[in-house]
Amino acid sequence: QARLVESGGGLVQPGGSLRLSCAASGFIFHLYDMAWYRQAPGQQREFVATITGRGTTTNYADSVKGRFAISRDNAKNTAYLQMNSLKPEDKAVYYCHTTYNSQWGQGIQVTVSS
């Protein structure tokens, strides 16, 4: 059974950095695209970034371009989201997603506050 487990969230000050990890299991990882989404309180879930199976192509929401970077290590079955220059508006629950059966991780909290 496929599983996605996020880690690396927490509290960071504005301007700080955080790296999220998404550990995948139960499917052939490199065959599937991975993505990050986020959902702030009272808001709809929104797209953040995506990366193709071999990691050759990435795409980002305009709100995070130049600040966030999605990557993956297929040898470790893990996707990452490096978040730099964090802003209070980045506060949300962040979700990992794969195109394999359109599955989601459980979500992880990122709080940006002084």
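Scope of this entry: the structure provided in the associated data block. (Residues numbered from 1 in each chain as written. Predicted model: local features only at pLDDT ≥ 70, side-chain atom pairs only at ≥ 80, totals over all residues. Heavy atoms only, no water.)

On to the sheet that holds strand S3 (residues 18-25), then. Pairing is antiparallel in the open sheet, where 4 strands are placed in the order S1-S3-S8-S7. Of all the strands in the sheet, just strand S1 (3-7) and strand S7 (68-73) have a single pairing partner and so form its edges. The average angle at which neighbouring strand axes cross in this sheet is 15°, direction not considered. As judged from the 5 bridges shared by S1 and S3, these two strands associate in the antiparallel manner. Among the inter-strand pairings, Val5 is bridged to a residue of S3, identified as Ala23. (Pairing = 2+ DSSP bridges. Helix = DSSP H or I, 4+ residues; strand = E, 2+ residues; numbered from the N terminus. Axes fitted to C-alpha atoms, helices over the stretch in contact; angles between N-to-C directions.)

Within the structure shown, the criterion is met by 1 disulfide. A disulfide bridge connects Cys22 with Cys96, and the sulfur atoms are separated by 2.0 Å. Its S-S torsion of approximately -85° makes the covalent link between Cys22 and Cys96 left-handed. Here Cys96 lies in strand S9 (residues 92-98) and Cys22 lies in strand S3, a separation of 74 residues in the sequence. For the pair Cys22 and Cys96, one class covers both residues: buried. (Disulfide = S-S within 2.5 Å. Buried < 20%, exposed > 50% of the residue type's maximum accessible area, 1.4 Å probe, protein only.)

This part takes up the packing of aromatic side chains. For any pair of aromatic rings, the description rests on two quantities: the centre-to-centre distance and the angle between the ring planes. Tallied over the entire structure, the rule returns 7 aromatic pairs. Relative to Tyr100, the ring of Phe27 lies with its centre 4.9 Å away and its plane at 5°, an arrangement referred to as stacked. Highlighted residues: Phe27 in the loop between S3 and strand S4 (34-39) and Tyr100 in the loop between S9 and strand S10 (103-104), separated in sequence by 73 residues. For Tyr100, a relative accessible area of 22% puts it in the partly exposed group. Consider the rings of Tyr37 and Phe47, whose centres lie 5.7 Å apart with planes at 75°: the pair is edge-to-face. In this pair, Tyr37 is assigned in strand S4 and Phe47 in strand S5 (residues 46-51), connecting sequence segments 10 residues apart. On the accessibility criterion, Tyr37 (23% relative accessible area) is partly exposed. Classification of Phe47 as partly exposed rests on a relative accessible area of 27%. Taken together, the ring pairs connect Phe27, Phe29, Tyr32 and Tyr100 into an aromatic cluster. A cation over a ring is seen here: Arg45 above Tyr95, with NZ or CZ 3.7 Å from the ring centre. Seen from the ring of Phe29, Arg72 lies directly overhead, with NZ or CZ sitting 4.3 Å from the centre. (Phe/Tyr/Trp six-rings, centres within 6.5 Å; stacked < 30°, edge-to-face > 60°. Lys NZ or Arg CZ within 6 Å of the ring centre and 35° of its normal.)

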